[in-house]
Each structure stands twice: as structure tokens, then as C-alpha cells.
Amino acid sequence: MSGPGADTTARPSSVTSTTVLVVEDEPTINQAVTDRLRAEGYTVHQAHDGPAAVAAFSEHSPDLVVLDVMLPGFDGLEVCRRIQAVRPVPVLMLTARDDETDILVGLGVGADDYVTKPFRMREVVARTHALLRRVERAAELAARPAPTTRVGDVQIDGPARRVTVGGVDVHLTPLEFDLLAALASTPGAVRSREQLMGEVWGWSDASGTRTLDSHVKSLRAKIGAGRVRTVHGVGYALEGE
């Protein structure tokens, strides 16, 4: 991790009233992340294992959770499952480099983004700002939901935020739904990674495309791999059957 370099990422509108839960069993990392987020103006609570994380989530009702995957008690993936079952909350995972299985499972159970260790502290801050801005934007979009769209046998019910494939309900996380809706807005047309990151996440940089690619893999696993076409070096397109 690098020192606290300046971060130019735009902040959400109400940092001072925002609560973050940091879950990390390594005390040095936990405290470093906590100190930096507090310096940014957030109210931060800490937990060091799975059971304590779930308890702290219930007690403090955080607006965002920074969550390590490897935890004592039970792991971060189980923490994510349990807290998302209580209420949807943005989750930023901290994970070991190249651990793609954990990343895909984490995104599948409701994590929104991830950073790999060792990470730069400014990256954690930037991702935190971005996820909280996305929550604000999602609330705005909910007030004017997208119409029902059909692409092949994939039907996307915007007002109900419901997806069916071949008439069968498919459970998507909020981010997966927004990603699918963005692709479905221009069926068959290639959307660049930058366009998708800007539309779905509200920000884009070179490292963010890893998050997008991982979410596409998770989406493909749920709706069928052949329905999302990759154009190498450019982006993705949603195809009919």
C-alpha cells in the first residue's frame, strides 16, 4: 500500500453523514484503511472477523462495507451473503491478487467492486467515493425506471427490476441488472468499456475495467455466455439468441 496521496475523485454529496464498516483481520491494514477514510470525513466502524462483521452491520447500519475475503470465523463471502440478505449495501472487496474464483463468487453474492492486495490507499478511497456516488445515482434512476426491454429471449422489466430468460426468472445483483440494462439499451451494438463504466458505475479508469470484465463473467454465467459478445480491445454487446 502506498501513503495517503491526494485523491481527485469526486466525492458523494454527503460524506460527513456517511458510515463505513471496515472488515479486515490484519490489524495494520484495518487501521490504515480506517484512518484514511476517517480523514476523508467518513464515520468508520471496524470488525476483524466474520461474526463481528455481521454484528457490526446490524448495529451500525453502514452505508458501505469494505470487506476482506479471508477472515476468521467465516469468510468475507459468507459475510457478504448475510448482510445482503438483510438489505442491499455497496461492498468493496479486498482480495488476494489473481484470485478470480473469489472475485466472481463475491460479485455473485452482491459485492460491487474489488481491489487486490497490495493496494494503494488512494485507490480504496476512489472506489469508496465511486460506489457511494453510484448509490445516489441509482436512487435517481429508480425514480424514472427504464421500460421493459426484450432482446431475444431475455426480457428486462425495468420498473420491477426483474429479468427472465426463456420465461424463467434469473436473479441478478443490482449491478448486474444495471449492466444488463445498459447493454440492452442498444441491442447488438458494441458498448465500449469506458461507456459502460461511466453509465453503470459513474466513473472510469484503466483499473476499473477489471471490475467490469469480472461482472460480465458473472452476468454470462447467469443469462448464458453466448448472449454477451466480446469485441476484444473495445467492449461488449448484448445479442439475441
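Residues numbered from 1 in each chain as written. Predicted model: local features only at pLDDT ≥ 70, side-chain atom pairs only at ≥ 80, totals over all residues. Heavy atoms only, no water.

Caption draft 1: Summary view of the pairing of strand β11 (residues 228–231). Sheet analysis places β11 next to strand β12 (residues 235–238), joined by 4 bridges and oriented antiparallel. Following the sheet pairing, Arg229 is matched in β12 by Ala237. Turn length for the β11-β12 hairpin, with the two strands adjacent in sequence and antiparallel, is 3 residues, and the turn residue Gly233 shows positive phi of about 80°. (Pairing = 2+ DSSP bridges. Helix = DSSP H or I, 4+ residues; strand = E, 2+ residues; numbered from the N terminus.)

Caption draft 2: Broad picture of the packing of aromatic side chains. Per the counting criterion, the structure on display carries 0 aromatic pairs. Arg82 extends its terminal NZ or CZ atom over the ring of Phe74, reaching a point 4.1 Å from the ring centre. (Phe/Tyr/Trp six-rings, centres within 6.5 Å; stacked < 30°, edge-to-face > 60°. Lys NZ or Arg CZ within 6 Å of the ring centre and 35° of its normal.)

Caption draft 3: Quick look at helix α4 (residues 100–108). Considered for burial, the residues of α4 that qualify are Asp102, Ile103, Gly106 and Leu107. Around the axis of α4, the buried residues are gathered within 125° of arc, so they sit on the same side. Downstream of α4 by a residue or two, Gly110 has a phi angle that is positive, lying close to 120°. (Buried < 20%, exposed > 50% of the residue type's maximum accessible area, 1.4 Å probe, protein only. Arc of directions from axis to C-beta.)

Caption draft 4: Unusual backbone geometry, seen in detail. Cis peptide bonds are those with omega within 30 degrees of zero, and the linkage from Lys117 to Pro118 qualifies with -5°. You can see Pro118 is positioned in the loop between β5 (113–117) and α5 (121–142). Positive phi, normally seen in glycine, also occurs at Ser61, with a value near 45°. Tracing the backbone shows Ser61 in the loop between α2 (50–60) and β3 (64–68).

Caption draft 5: Spatial organisation of the pattern of salt bridges. Taken as a whole and assessed by the stated rule, the structure comprises 16 salt bridges. In this structure, Lys117 engages Glu24 in a salt bridge whose closest nitrogen and oxygen atoms are separated by 3.0 Å. Of this pair, Lys117 sits in strand β5 while Glu24 sits in the loop between β1 (19–23) and α1 (27–39); the two residues are 93 residues apart in sequence, bridging distant segments of the chain. Owing to a relative accessible area of 23%, Lys117 belongs among the partly exposed residues under this scheme. Exposure remark for Glu24: the relative accessible area of 1% places this residue in the buried category. Its salt-bridge partner being Asp213, residue Arg193 comes within 3.0 Å of it at the nearest N-O pair. Note that Arg193 is positioned in helix α7 (residues 193–201) and Asp213 in helix α8 (residues 208–223), a separation of 20 residues in sequence. (Salt bridge = Lys/Arg side-chain N within 4 Å of Asp/Glu carboxyl O.)

Caption draft 6: Inspection of the sheet that holds strand β9 (residues 168–170) at higher detail. Across the sheet, which stays open at both edges, the 4 strands sit in the order β6-β7-β8-β9 with antiparallel pairing between neighbours. Each having just a single partner strand, β6 (149–151) and β9 make up the two edges of the open sheet. On average, each strand axis in the sheet is inclined to that of its neighbour by 25°, with strand direction left out of account. Pairing between β6 and strand β7 (residues 154–157): 3 bridges, direction antiparallel. Counterpart to Val151 in the pairing with β7 is Val154. In this fold helix α6 (residues 174–184) packs onto β6, β7 and β8 (162–165), with an angle of close to 110° to the strand it touches most, β7. (Axes fitted to C-alpha atoms, helices over the stretch in contact; angles between N-to-C directions. Contact = heavy atoms within 4.5 Å.)

In short, the description is geometric, and any link to function would need to be established separately.
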